[in-house]
Amino acid sequence: MSEEYKCDICGAPATVHLTQIVDGKIHKVHLCEKCAAKSKVAELPILKFTEMLAKTLIGGKKDTDELASTESVGREAGKVCPVCGMTDLVFGKKHLFGCAHCYEVFSEEMTELLPKIQRGRQYRGDAGTRTASKKSSAKKDTSAELERLRLRLKDAVKNEDYVLAAKLRDEMHALEKPKKNKRVSAPKETGKTSAKRKSVTSRVRKSSSKGKKE
Amino acid sequence: MSSGFDEFLAGTVSRESANEACPCVLGTRVRFARNLAGTSFPVRAGTERKNEVRKRIFEASKKLPELADAFYFSLEDLSATRRDFLIECRCISPELSGDGAGVVISRNQRIALMVNEEDHLRLQAFAPGNDLGSAWTSAREIEKKLADSLNFAFSEKYGFLTACPTNAGTGLRISVMMHLPGFVMDGQMEKIVRALDAVGLTARGGFGEGSDARGCVFQISNEYTLGISEAETLALMRRWTCDIAEQELAARRRMISRERAQFADRIARAYGNLRYAVSLTSAESTELLSLLRIACDADYFPSGTRECIDELWTEKDRAHIACRAAFRGIVCDEERENLLRAKLFRETLSAVRPPVFPDFLK
Ligand SMILES: [Zn+2]
Ligand SMILES: [Zn+2]
């Protein structure tokens, strides 16, 4: 008797077995009747089909524990969150934290990731007003800050740095409506090229929502 | 409190329409991502834990006057079609599914809380047109009230802690749904996307990540949530969406004056097809409807027509047709869906007189 295969898409017993050759590599595909019918196996271009499979396999359909164990095959996990069990391997792939404590466990990874995906490293929202810690000392004189920004904006326009100019203008807008704004400091990441940032961001995004749409 | 989907369905029949001021904008959403402190995020939580989180969030929101009489749905209780209906309404994202996932939708559909999507809570407030201010105010209000009874995961350094680091910080994402056929026809959309990127905004398809921009509808939203304040995010979105709307209208004017007769011909054909077709696919009706919407903004139709078109915009979607049919006891396969869609267009457009054009022979 041949061993029992499970459907590559849904995990039900597979009855359709296919062998595809892509770029000289052999791919074996096992499907249940339902999934085979749904994906109209014969009509699908090979690459698209394997792509879709790969997506489905990595996607969130699996048990989370199973996910952690399958993905750690090949290399030992270096760091594991003691609270939720997230490993650096899974985090490196999916860029998803498993719990609040993960932020401490993977702080190095986060430090490396942040410049590519965020505008700054420090929270600048207004929740401080309702948490215990008050940061009122950071409040600056608004008109002085506006003047400072105005000067920088003039420079930026003169240097034809319109990206910086747009950012400065937004900061000034925000300052002019000061009710929700506590602290305004210059954006820190202006040196980075946006093109680079974009490509990494879209990769991160993609990997965090992989396969869920299928 | 209610969980009757049929009741919800009946309440969605007449929606609020967009305001006249901003013809390029279909709607606005303000969203906060939040997680409960002391419990794993959905990606690392089993069904039992997710159910518990859902219970806590549902209970907290039932205490708010705004949501006391809201609809509370558990995703595992909804059929695929009903779930799609909620996606088409934009109450939930395509990612919300599975055991433990839930959604709270206010009676007026201005508030929708997604539970156990990527984060425990995705709090969303909607407004028609480009009314950023009212969406912001109501999202803010609900968030503050919920924070009184739910302890959100928060750190001084990273702000609100979210499953994906792209949401950490304020957890605030403002999205404006924009209809940008002028840019698309002008071949300028790529340039716009690059320009948006440079200022920290992104453009995606109408249904978010990975979706296509059917009918030239794009979702424009802020990219960053850390190192930026809420006020800055609002200012950023306000300024750029107004700029884009202005530029889009200019692109349309250029196009219309360049090819007046051809444009009029396309509008007339779009109207004719939608008005008289016997069978319409979702894709075809989207393309044609997009043209009629431009024609409204160019005053080829009487005022009030755009409201009618905006209603069709959602009602023509697959699950909307199927759910409305099921409500009347009609089972819907694809063929019947296309027939019903055409009927919907015939009936709705019978109240809209044909577009009027100048005489191009003169
Ligand atoms: Zn299967
Ligand atoms: Zn963790």
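Owing to the predicted nature of the structure, the values given are computational and were not obtained by experimental measurement. (Residues numbered from 1 in each chain as written. Chains lettered and ligands numbered in written order. Predicted model: local features only at pLDDT ≥ 70, side-chain atom pairs only at ≥ 80, totals over all residues. Heavy atoms only, no water.)

## Details of the nonpolar core
In this structure, M86 of chain A together with L67, L113, L146 and M178 of chain B are the most contacted members of the largest nonpolar core, which totals 81 residues. Setting aside residues no more than four positions away along its own chain, M86 of chain A makes contact with K79, V80, C81, F91, L96, F97, G98, C102 and F106 of chain A together with V43 and R44 of chain B. Among the nonpolar cores identified, the runner-up in size contains 29 residues, and M255, L292, Y300 and F301 of chain B belong to it. (Core = buried A, V, L, I, M, F, W, Y, C linked by side-chain atoms within 4.5 Å. Buried < 20%, exposed > 50% of the residue type's maximum accessible area, 1.4 Å probe, protein only. Contact = heavy atoms within 4.5 Å.)

## As for unusual backbone geometry
Positive phi outside glycine occurs at H95 of chain A, with the angle close to 55 degrees. Tracing the backbone shows H95 of chain A in the loop between helix 4 (88-94) and helix 5 (102-105). Located in the positive-phi region is C216 of chain B, a residue other than glycine, with phi close to 60 degrees. Mapped onto the elements of the fold, C216 of chain B is located in the loop between strand 9 (201-205) and strand 10 (217-222). Since its relative accessible area comes to 12%, C216 of chain B is described here as buried. (Helix = DSSP H or I, 4+ residues; strand = E, 2+ residues; numbered from the N terminus.)

## Points about the side chain of S106 of chain B
Residue and element names in this part refer to chain B. Mapped onto the elements of the fold, S106 is located in the loop between strand 3 (102-105) and strand 4 (111-115). Judged by relative accessible area, which is 2%, S106 ranks as buried. At a separation of 2.7 Å, a polar atom in the side chain of S106 contacts the side chain of N108. At a separation of 3.2 Å, a polar atom in the side chain of S106 contacts the main-chain amide nitrogen of R110. Discounting chain neighbours no more than four positions away, the residues touching S106 are E66, L67, A70 and I111. (Polar contact = N/O pair within 3.5 Å; in protein donor to acceptor, adjacent residues only side chain to side chain.)

## Thoughts on the domain arrangement of chain B
All names here are of chain B. Taken domain by domain, chain B consists of domain 1 (5-254) and domain 2 (259-349). With centres defined by C-alpha atoms, the gap from domain 1 to domain 2 works out at 26 Å. Of the residues lining the interface, 30 residues belong to domain 1; the matching set on domain 2 comes to 24 residues. Summed over both sides, the interface of domain 1 with domain 2 buries roughly 2,200 Å², with 56% coming from carbon and sulfur. In this assembly, domain 1 and domain 2 are joined by 1 salt bridge. D297 is paired through a salt bridge with R252; the nearest N and O atoms lie 2.7 Å apart. Inspection of the domain 1/domain 2 interface yields 9 residue pairs in polar contact (both at pLDDT 80 or more). Of all the secondary-structure elements, those providing two or more residues to the side of domain 1 that touches domain 2 are helix 1 (5-11), strand 1 (25-34), helix 3 (80-88) and helix 5 (181-185). Here the side of domain 1 that touches domain 2 takes 5 residues from helix 3, the largest share from any one element. Taken together, the residues of the side of domain 1 that touches domain 2 sort by class into 16 nonpolar, 6 polar and 8 charged. (Domains from an automatic or database assignment. Buried area = accessible area lost by both parts, 1.4 Å probe. Salt bridge = Lys/Arg side-chain N within 4 Å of Asp/Glu carboxyl O. Nonpolar A, V, L, I, M, F, W, Y, C, P; charged D, E, K, R; others polar.)

## Notes on the packing of helix 10 (residues 305-315) of chain B against helix 12 (residues 334-349) of chain B
If you want to describe how two helices pack, look at the angle between their axes and the distance between the axes. Residue and element names in this part refer to chain B. One can describe the packing of helix 10 onto helix 12 by two numbers: an axis separation of 11 Å at closest approach and a directional angle of 170 degrees. On the basis of their axis angle, the class for helix 10 and helix 12 is roughly antiparallel. Packed against helix 10, whose contacting residues are C308, L312 and E315, the element helix 12 presents L344, F345, T348 and L349 at the interface. Residue composition of the contact of helix 10 with helix 12, by class: 5 nonpolar, 1 polar and 1 charged. (Axes fitted to C-alpha atoms, helices over the stretch in contact; angles between N-to-C directions. Parallel < 35°, antiparallel > 145°, perpendicular 65-115°, else oblique.)

## Concerning the pattern of salt bridges
Residues and elements named next belong to chain B. Tallied over the full model, the rule gives 27 salt bridges over all chains. For E117, the salt bridge is made with R122, and the minimal N-O distance between the two is 3.2 Å. Like E117, the residue R122 is buried in the burial classification. Three or more residues are tied together by salt bridges with common partners; here these are E117, E118, D119 and R122.

## Here's the deal with the coordination of the zinc ion (ligand 2)
Residue and element names in this part refer to chain A. For the zinc ion (ligand 2), the full set of protein donor atoms is C81 (SG), C84 (SG), C99 (SG) and C102 (SG), and the range of their distances to it is 2.3 Å. Considering all 4 donor atoms around the zinc ion (ligand 2), angles at the metal cover 97 to 121 degrees and the coordination shape is tetrahedral. Of note, the donors binding the zinc ion (ligand 2) are all from one chain and are spaced C-x2-C-x14-C-x2-C. With C81 in the loop between helix 3 (64-71) and helix 4 and C102 in helix 5, this residue pair connects regions lying 21 residues apart in the sequence. (Donors = N, O, S within 2.8 Å, 3.2 Å for Na, K, Ca; no water. Tetrahedral: all angles 85-135°; square planar, octahedral: opposite > 155°, others 65-115°.)

## Focus: the packing of aromatic side chains
Across all of its chains, the model carries 19 aromatic pairs over all chains by this definition. For the pair F71 of chain B and F73 of chain B, a centre-to-centre distance of 6.0 Å together with 10 degrees between the ring planes defines the contact as stacked. On the basis of relative accessibility, which here comes to 3%, the residue F71 of chain B falls in the buried class. By way of ring pairs, the aromatic residues F91, F97, Y103 and F106 of chain A together with Y158 of chain B are connected into one cluster. Here the basic side chain of R34 of chain B rests over the ring of F160 of chain B, its NZ or CZ set 3.5 Å away from the ring centre. The ring of Y72 of chain B has K62 of chain B sitting right over it, with the charged end atom 4.8 Å from the ring centre. (Phe/Tyr/Trp six-rings, centres within 6.5 Å; stacked < 30°, edge-to-face > 60°. Lys NZ or Arg CZ within 6 Å of the ring centre and 35° of its normal.)

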